[in-house]
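One letter stands for each residue in the lines below.
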Amino acid sequence: MATVNARPLVSVHQDGTVTASSISLPAIFRAPIRPDVVNFVHDQIAKNTRQPYAVSKDAGHQTSAESWGTGRAVARIPRVRGGGTHRSGQGAFGNMCRGGRMFAPTRVWRRWHRKVNVTQRRYAMVSAIAASGSPALVMSKGHIIHETPEVPLVVGDKVEEAKTTKEAMMFLRKCRAWSDVLKVYKSKRFRAGVGKMRNRRRIQRTGPLIVYNKDQGLVKAFRGIPGADTIQVKRLNLLKLAPGGHVGRFVIWTESAFRKLDKLYGTWRKPSKLKTNYNLPTPKMTNTDLMRIIQSDEIQNVIKRPNRKVLRRTPKLNPLTNKKYMGKLNPYANVERKLAQYNQKIKIERKEILRKKKAGELPAKISKEEKARTAIPPKKKEPREKVEPKKIKYIGKKMKRTKKPKSGDAAAKKGKLQKAPLKPGKPKPGASKGVKTGKTKPLPSKDSKTGKAKPLSSKDGKTGKAKPLPSKDGKTKKTKPLPSKDGKTKKTKPLPTKDGKTGGTKPVPSKAKQVGKPKGETAKAATAKPATSKPATPKSATSKPSQPKSTPKKDAKPTPKQDKPKQAASKK
Amino acid sequence: IYIYFSVVKKVRLPSVPATLLKRRKKAIDQKRKDLKKFAKVLKSRGVKRTETFRKAEKYIKEYRLKENQEIRLKRNAKKKGAVVVPGEARLAFVIRIRGINQVHPKVRKVLQLFRLLQINNGVFVKLNKATIMMLRIAEPYISWGYPNLKTVKDLVYKRGFAKVNKQRVPLVSNTLISKYLGRRGIICMEDIVHEIFTVGRHFTSVTNFLWPFQLNNPTGGWRKKTNHFVEGGDFGNRENQINCLLRRMI
């Protein structure tokens, strides 16, 4: 819907072409279109041409019937007096009686006509005219205006002088309004219903409405064209402009008629000249483009965001059976559970041991050595044969075995920051730093297949030194190599080591190097053994770079590196 | 000599209505804001989660400590040949055993005050002179005793519902708890359990926050509801035996 102020030019058509003259659209075409008002007013006004109908006023009462009363074995209805005819004794007067009067006989003084307020009538009129200016509405009413050059269609005044129907037809053809008339032709049919026998036999569609200023033969010319109606602009008729109470009739205006509209109905700025004290109705909304209004900046900047959140009922699951759900409510639950499982396992084992003791399968008192052996997972003191480490797929960062072992302090520090894994010797429920439980239970023996203890992984995924085996978290930043049977560990633990020493841990020498040079060096070592067994120790002091790599254990074994400088020295 | 020719292409931008462009820009800006907000939310969530973790940890230590202290005291006393008199129970769990018909007004009132309005409803009650007297009045209608930690936990986790906006809402997440009890320092289920079990400062707020527990009839049945527990029945104080009963009712 266009705004009130926008008033385009309407060109005048003549003989199928556009003339030079153009008229600015009268304000009436921008008036609010109120189909409800039009419908109401149309209903009321249509009643005004009615002719009264009624039954005869004495119908059914032209008898002197009287009721026979009770006791005569007949109904108490008034009965016709006298005798000698069929009619005598028959019931009379009642609506149920044959020849009686009808129920509520129709009377002429029924209120046939309706008053409608003038302003209201004018409002309807204005709406109807405005609607006729909207091609969409006209088309929806059913008029064929696909080919009409313009809506509203304004035509030169020459048509007012048309004398013959032929001329009128030619005019409509040139206007390209003929197809609408054709539709009327095609729609000629008999009325359905009893109206057929009540002098309303034929019906047809409505065609174009021609609004003129001065009748100089136009009315008579268009009389013969079915469907076409003519109206003088000063006496516009709602029944013609909105037939059936529906807006959007196809109207053809003559130029002078069109120019009169502003004077007749006024513009909002100027009241009507030809009607006293009247101006066009003001619309409730100046801008009826709702979409545009909603999308405008002024509104978009102020409105809240659409709440697309759908609040759904979250089902309550039983946390005692549903682990996931329990974890949601209590993130510590997993730790608890695993701890409980672990403790139970230990309990069972201890019981087993006690039972064995009682049964005599085990010695009553275990020697210290045995205790030491069983308490801590067995560590083979003799270095094993060099076995290539199994190629295990690490989840996360791969540990490079060829790297130098990091200094003990750094490792220890790092270890402390991370969550300490549970050692078999010392079950700790809280796997965070500085947490100390009251009890530390020394265990006699533990299933020592795994060189390391199982780390209690919290649900947070902070398994500092978790096994690279199935960790669903995948969050283990640094994966430790499996507690291999070699006993090789790259990184040191913060907890007391397997030696039983706390604090800074000594870096375990990289056997990789030694592994790397098995064949070549062993041969050398074999040859060099007898020669260097004794002088190896004093010369170990000289060769500094290799020193930090050797542990006291490995002093017995001649390091291949020591051979080199010695040989070099010998060569020199 | 290299001569560079800069070819200026006349790129024709696709004609998009201004409203669409505006909308897009707005959407992008909004999204950015939302992401920032969400990042904050996630962070706070993470913080809360670690908090609940630590709290749970702490509480377990606490419970264990308590337990071990008890045991230690007993052992010490035994060594010396003395006797330990344990403290009287401070926490009770009260279950309404009987229905709603033909109840004496005094009893009715007491049960109302305890929020035991339905058969097999249970509530946690702080034991003091006042409440013990009340329990005495309502004795034939209730079965009560001293719940242990497991019982408390099971009740809260499995049968725990909150009173939110006068509605019975399941304890589905800790956000609900922290929203309503946050200002008392109770932000998770473990907090609730702790507060109840240790009868803390905010016991009343927590128990009031909880809807009265709706329990099942015990599997295996009652003994005899019309008699006192001591007489071979069910009502009255059954001290620690309440745990057995509740195991069958939760």
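The written sequence of each chain sets the order in which its residues are numbered from 1. Labels follow written order: the first chain is A, the first ligand is 1, and so on. Whole-chain, interface and lining totals are the exception, using all residues; otherwise, since this is a predicted model, local features are given only for residues with pLDDT of at least 70 and side-chain atom pairs are given and counted only at 80 or more. To obtain the side-chain values, all non-hydrogen atoms of the structure were included, while hydrogens and water were left out.

Some thoughts on the overall build of chain A
Each helix and strand in chain A was counted, giving 18 helices and 10 strands. Burial classes: relative accessible area under 20% of the type maximum marks a residue as buried, over 50% as exposed, and values in between as partly exposed (1.4 Å probe, protein chains only). A buried classification covers 35% of the 572 residues belonging to chain A. Counted over contacts in chain A with a minimum sequence separation of 6, partners at least 24 positions apart contribute 64%. What sets the accessible areas is the Shrake-Rupley method with a 1.4 Å probe; for residues, cover comes only from the shown protein chains. When the accessible surface of chain A is split by element, carbon and sulfur atoms take 55% of a total near 37200 Å². Only runs of H or I of at least four residues qualify as helices and only runs of E of at least two qualify as strands under DSSP, and these elements are numbered from the N terminus. Pairs of residues are marked as contacts when any of their non-hydrogen atoms sit within 4.5 Å.

Regarding the overall build of chain B
Secondary structure assignment for chain B yields eight helices and seven strands. Taking all 250 residues of chain B together, 38% fall into the buried category. Long-range pairs, those at least 24 residues apart, make up 70% of the contacts in chain B between residues at least 6 apart in sequence. Accessible surface, chain B: about 16200 Å² in total, of which carbon and sulfur atoms supply 56%.

Some thoughts on the sheet that holds strand E9 (residues 229-232) of chain A
Residue and element names in this part refer to chain A. The criterion for strand pairing is that DSSP finds at least two bridges linking the strands in question. With mixed pairing, the six strands of this open sheet are ordered in space as E2-E1-E5-E10-E8-E9. At either margin of the open sheet sits one strand with a lone partner, and together these are strand E2 (17-24) and E9. Sheet twist, expressed as the mean angle between neighbouring strand axes with direction ignored, is 35°. Pairing analysis gives three bridges linking strand E8 (residues 209-212) to strand E10 (residues 251-254), with the strands arranged parallel. Bridge pairing in E10 places Ile-210 opposite Ile-252. With axes taken as lines fitted to C-alpha atoms, and helix axes fitted only over the stretch in contact, angles between N-to-C directions fall between 0 and 180 degrees. Contacts between helix H8 (residues 255-265) and the sheet are confined to strand E1 (9-14), E2, strand E5 (153-155), E8 and E10, with E10 contributing the most and set at about 90° to the helix.

Examining the interface of chain B and chain A
On the side of chain A, 33 residues touch chain B, which itself brings 30 residues to the contact. Accessible area, probed at 1.4 Å, shrinks when two parts are joined; the buried area is that loss added up over both. Looking only at chain B, the three residues that lose the most surface to chain A are Phe53(B), Tyr157(B) and Val172(B), adding up to 26% of its buried area. Here a polar contact is recorded for every N or O atom pair within 3.5 Å, except that within protein the pair must consist of a potential hydrogen donor and a potential acceptor, and residues adjacent in sequence are included only if both atoms are side-chain atoms. Viewed at the interface, chain A and chain B are joined by 13 residue pairs in polar contact (both at pLDDT 80 or more). Contributions of two or more residues to the side of chain B that touches chain A are made by helix H1 (18-80), helix H4 (149-159) and helix H6 (189-197) of chain B. Tallying contributions element by element places H1(B) first for the side of chain B that touches chain A, with 17 residues.

What about the sheet that holds strand E2 (residues 121-126) of chain B?
Residues and elements named next belong to chain B. The five strands are arranged E6-E2-E1-E3-E7 in an open sheet whose pairing can be described as mixed. Looking at strand neighbours, the two that pair on one side only are strand E6 (213-214) and strand E7 (236-237), the edges of this open sheet. Judged from the two bridges that link them, strand E3 (residues 142-145) and E7 form a sheet pairing that is parallel. By the bridge assignment for E7, Ser-143 is matched with Gly-236. Against the sheet, helix H8 (residues 242-249) touches strand E1 (91-96) and E3, its axis set at about 50° to E1.

Re the packing of helix H1 (residues 35-46) of chain A against helix H2 (residues 118-132) of chain A
All names here are of chain A. Orientation of H1 relative to H2, taken along the N-to-C sense of each, is 120°, at an axis distance of 9 Å. In terms of axis orientation, H1 runs oblique to H2. Considering how the two elements wind past one another, H1 and H2 form a crossing that is left-handed. Side by side, H1 and H2 meet where Val-37, Val-38, Phe-40, Val-41 and Ile-45 of the first sit next to Gln-120, Arg-121, Tyr-123, Ala-124, Ser-127 and Ala-128 of the second. In this count, Pro and Cys sit with the nonpolar residues alongside Ala, Val, Leu, Ile, Met, Phe, Trp and Tyr, while Asp, Glu, Lys and Arg are called charged and the others, Gly among them, polar. Here the contact of H1 with H2 is built from residues that sort into eight nonpolar, two polar and one charged. For classification purposes, angles smaller than 35 degrees are called roughly parallel, those larger than 145 roughly antiparallel, those between 65 and 115 roughly perpendicular, and all remaining angles oblique. Each helix crossing is assigned a hand: it is left-handed if the near helix lies turned anticlockwise from the far helix by less than a right angle, otherwise right-handed if that turn is clockwise.

Things to note about the packing of H1(B) against H6(B)
The geometry of a pair of packed helices is captured by two quantities: the angle between their axes and the separation between those axes. Residues and elements named next belong to chain B. One can describe the packing of H1 onto H6 by two numbers: an axis separation of 10 Å at closest approach and a directional angle of 30°. Relative to H6, the element H1 lies roughly parallel. Crossing of H1 against H6: the hand is left-handed. For the pair H1 and H6, the contacting residues are Lys-55, Ala-56, Tyr-59, Glu-62 and Tyr-63 in the first and Glu-190, Asp-191, Val-193, His-194 and Phe-197 in the second. Of the residues in the contact of H1 with H6, the class split is five nonpolar, one polar and four charged.

Thoughts on the UniProt feature "coiled-coil region" (unreviewed entry) in chain A
Feature annotation in UniProt places "coiled-coil region" (unreviewed entry) on residues 332-359 of chain A, given in this structure's numbering. This span, residues 332-359 of chain A, is 96% helix and 0% strand, and a straight line between its end C-alpha atoms measures 40 Å. UniProt positions are given in the numbering used here, feature names are shortened, and annotations may be inferred rather than shown by experiment.

A closer look at helix H5 (residues 174-181) of chain B
If you check which residues of H5(B) are buried, you get Asn174(B), Leu176(B), Ile177(B), Ser178(B) and Leu181(B). On its buried face, H5(B) is in contact with helix H11 (323-329) of chain A together with H1, strand E4 (161-164), strand E5 (167-170), H6 and helix H7 (203-209) of chain B.

Observations concerning the nonpolar core
Most often, soluble globular proteins have nonpolar side chains that are buried together. If you look at the biggest cluster of nonpolar residues, it comprises 39 residues, and the most contacted ones within it are Trp253(A) and Tyr265(A). Mapped onto this core, the elements with two or more residues apiece are E1, H1, H2, E8, helix H7 (238-241), E10 and H8 of chain A. At seven residues, H2(A) tops the list of elements feeding residues into this core. Sequence-distant contacts of Trp253(A), that is, excluding residues within four places in its chain, are made with Phe29(A), Ile129(A), Ser132(A), Pro152(A), Leu153(A), Val154(A), Val155(A), Val211(A), Val233(A), Phe258(A) and Leu261(A). Nonpolar cores are built from buried Ala, Val, Leu, Ile, Met, Phe, Trp, Tyr and Cys residues. Side-chain atoms within 4.5 Å join them into one set. Leu171(B), Leu181(B), Ile242(B) and Leu246(B) belong to the second largest nonpolar core, which has 38 residues in total.

Quick look at unusual backbone geometry
Across the chain, the bulk of peptide bonds are trans and the bulk of non-glycine residues have phi less than zero. For the bond from Val151(A) to Pro152(A), the omega torsion is 0°, close enough to zero to count as cis. With respect to the helices, strands and loops of the structure, Pro152(A) is situated in the loop between helix H3 (135-141) and E5. Of note in the backbone geometry, Asn199(A) takes a positive phi value of approximately 65° without being a glycine. Its location among the elements puts Asn199(A) in the loop between strand E6 (189-190) and strand E7 (202-203). Accessibility expressed as a relative area gives 76% for Asn199(A), which makes it exposed. Of note in the backbone geometry, Gln102(B) takes a positive phi value of approximately 55° without being a glycine. Looking at where Gln102(B) falls in the secondary structure, it is placed in the loop between E1 and helix H2 (105-113).

Digging into the confidence of the model for chain B
When the pLDDT values of chain B are averaged, the result is 94; 97% of them are 70 or greater. For this predicted complex, the interface score ipTM comes out at 0.86, while the overall pTM is 0.53. pLDDT gives the predictor's per-residue confidence on a scale running from 0 to 100.

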